[in-house]
Amino acid sequence: MKALDFNVLQLDLEREADRIAKHVRDATARVLHKRGLVVAISGGIDSSCCAALAVRALGPDRVFALILPERDSNDDSALRAGILATHLGIRSLTIDIAPALEAIGCYSERDAAVRRALPAYTDDWRFKIVIDGGTEGRVNVFKLVAESPDGEVHDRTLGLSDYLQIVAATNFKQRIRKTLEYYHADRLNYAVVGTPNHLEYDQGFFVKNGDGSADVKPIAHLYKSQVYAMARHLGLPERVCNVVPTTDTYSLAQGQDEFYFALPYRQMDLALWARDHGHPAVQLADALGIGRARAESIYADIDNKRRTTRYLHEPPILMGSAWPVPALGEDRVAEQGHAH
């Protein structure tokens, strides 16, 4: 088996961009029978790359962008999204979703769980959730990290119920955004673009019926480092291409590797590729300069996430055949039969 290094992730970017664009164009017109594409752009690398590929597929006149900030969004995210929309020449609409989130209880339910873990927490504090333990072979635990207005940092281990309530309330953000995406898609007779990269798609780092919902997902097969390379190849603004990946979900900046992935994205790309191509943990350890036990824990974490998030990819479970639809009157006969 060949030595493992980052060269395995290199792509013919021009050929791949053309291939993706052709498939997106064919899917939109011939499978989905839609006139264009809606994409929510956050200012991050994934949604930016998807928007650029959508333009490559259909042209700027048939791509509509939504910029959907809320109370915890970094101000620079919306600014980057606006720069991207101008660069691509696409129509865009900015909607502050904070009032909708406030009305539905996103912030109040989340903060109630935070205060159970940290009673001193008030609305002028900032916080995030981090994960700890799993990649060192220990049981994963979730921690609340909060910063008071005077800059003092507090951390608390979260109980399961408080963690679940915080995440459930936070997931309103992705679901409200997707509701708006589909509203505008319906209004325009467009399809909705999903923006997960391969790491997120494979490892279940998305919200079901939130950012996981879409009609077409152009980059779900591309590793994060490949998405960065593609964005640069497509000539996107440096301000977009150089952005550090964050969740942009909590009021404190939160890296994806703090909350979900075992490693920073570039190393995680290689780990996932190596797992899928049969490289033993010792080769991953050598490639990343880590211990063998750590590499084995990373492989175990990959497998565990695939197992526990598999349901996110599944369609609804039916209790019988739903197709073809019964002929008129057959269901009434069935009901009479059950009654007897």
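Preceding this paragraph is the structure being described.
A brief structural summary. (Residues numbered from 1 in each chain as written. Predicted model: local features only at pLDDT ≥ 70, side-chain atom pairs only at ≥ 80, totals over all residues. Heavy atoms only, no water.)

Focus: the environment of H221
Considering the arrangement of structural elements, one finds H221 in the loop between α7 (198–203) and α8 (224–233). When the C-alpha atoms of H221 and L199 are compared, they prove to be 8.5 Å apart, with 22 residues separating the residues in sequence. In contact with H221, other than residues within four places in its own chain, are E16, R19, I20, H198 and Q226. In this structure the side chain of H221 is engaged in a polar contact, spanning 2.6 Å, whose partner is the side chain of E16. Among the polar contacts made by the side chain of H221, one reaches the side chain of R19 at a distance of 3.2 Å. (Helix = DSSP H or I, 4+ residues; strand = E, 2+ residues; numbered from the N terminus. Contact = heavy atoms within 4.5 Å. Polar contact = N/O pair within 3.5 Å; in protein donor to acceptor, adjacent residues only side chain to side chain.)

Re the nonpolar core
Counting residues in hydrophobic clusters, the biggest one holds 39 residues, and the most contacted among them are I41 and L88. Secondary-structure elements contributing two or more residues to this core are α1 (13–31), β1 (37–40), α2 (45–58), β2 (63–67), α3 (75–88), α8 and α9 (238–241). For this core, the element with the most residues is α2, which contributes 9 residues. With sequence-adjacent residues up to four places away left out, L88 is seen in contact with A51, A52, V55, P60 and L236. Formed by 23 residues, the second largest nonpolar core is a distinct cluster that contains F261, L270, A295 and Y299. (Core = buried A, V, L, I, M, F, W, Y, C linked by side-chain atoms within 4.5 Å. Buried < 20%, exposed > 50% of the residue type's maximum accessible area, 1.4 Å probe, protein only.)

Considerations on the sheet that holds β1
Sheet architecture is open: 4 strands sit in the order β3-β2-β1-β7, paired in parallel fashion. Edge strands, defined here as strands with exactly one partner in the open sheet, are β3 (91–94) and β7 (191–192). In this fold α2 packs onto β1 and β2, with an angle of close to 165° to the strand it touches most, β1. (Pairing = 2+ DSSP bridges. Axes fitted to C-alpha atoms, helices over the stretch in contact; angles between N-to-C directions.)

A short note on a positive patch on the surface
On the surface, R35, R62, R91 and R187 cluster together to form a positively charged patch. Along the chain, R91 turns up in strand β3. (Patch = residues over 30% accessible without salt bridge, like charges linked within 9 Å, V, L, I, M, F, W, Y side chains within 5 Å. Areas by Shrake-Rupley, 256 points an atom, 1.4 Å probe, with all protein chains shown as cover. Salt bridge = Lys/Arg side-chain N within 4 Å of Asp/Glu carboxyl O. Lys, Arg positive; Asp, Glu negative; His and termini not counted. Charge placed at Lys NZ, Arg CZ, Asp CG, Glu CD.)

Remarks on the packing of aromatic side chains
Tallying each qualifying case throughout the model produces 6 aromatic pairs. Consider the rings of F142 and Y163, whose centres lie 3.8 Å apart with planes at 15°: the pair is stacked. In this pair, F142 sits in strand β5 (residues 141–147) while Y163 sits in helix α6 (residues 160–188), placing the two residues 21 residues apart along the sequence. Judged by centre distance (5.1 Å) and plane angle (15°), the ring pair of Y228 and Y265 falls under stacked. Here the residue Y228 occupies a position in helix α8, and Y265 occupies one in helix α11 (residues 265–276), the gap between them amounting to 37 residues. (Phe/Tyr/Trp six-rings, centres within 6.5 Å; stacked < 30°, edge-to-face > 60°.)

Some thoughts on the sheet that holds strand β4 (residues 126–132)
Taken together, 3 strands build an open sheet; the order of strands is β4-β5-β6 and the sheet is antiparallel. Each edge of the open sheet is held by one strand with a lone partner, namely β4 and β6 (153–157). Averaged over neighbouring strand pairs, the angle between their axes works out to 25° when direction is ignored. Where β5 meets β6, 5 bridges bridge the pair, whose relative direction is antiparallel. Considered in β6, the bridge of L144 is made with R156.

Topic: helix α13 (residues 292–308)
For α13, with 17 residues, the first-to-last C-alpha span of 24 Å sits near the 24 Å given by 1.5 Å per residue. For α13, the set of buried residues is A295, S297, I298, Y299, D301, I302 and K305. The inward-facing, buried residues of α13 contact α7, α11 and α12 (281–288). (Expected span 1.5 Å × (residues − 1).)

A closer look at the pairing of β1
Here β1 shows no split at all, with L37 and V39 on one side and V38 and A40 on the other all buried. Alignment of β1 against β2, held across 4 bridges, turns out to be parallel. Bridge pairing links V39 to A65 in β2. The handedness of the β1 to β2 crossover, carried by α2, is right-handed. Judged from the 2 bridges that link them, β1 and β7 form a sheet pairing that is parallel. Paired with L37 across the strands is A191, a residue of β7. (Right-handed = clockwise from strand over helix to strand, strands pointing away.)

A few points about the pattern of salt bridges
Applying the stated rule across the entire model yields 22 salt bridges. R80 is paired through a salt bridge with D76; the nearest N and O atoms lie 2.7 Å apart. Residue R80 and its partner D76 are located together in helix α3, separated by 4 residues, close to a single helical turn. D76 sits in the partly exposed class, given a relative accessible area of 25%. In this structure, E147 and R126 form a salt bridge, with 2.8 Å as the shortest nitrogen-oxygen distance. With E147 in strand β5 and R126 in strand β4, this pair connects stretches of sequence that are 21 residues apart.

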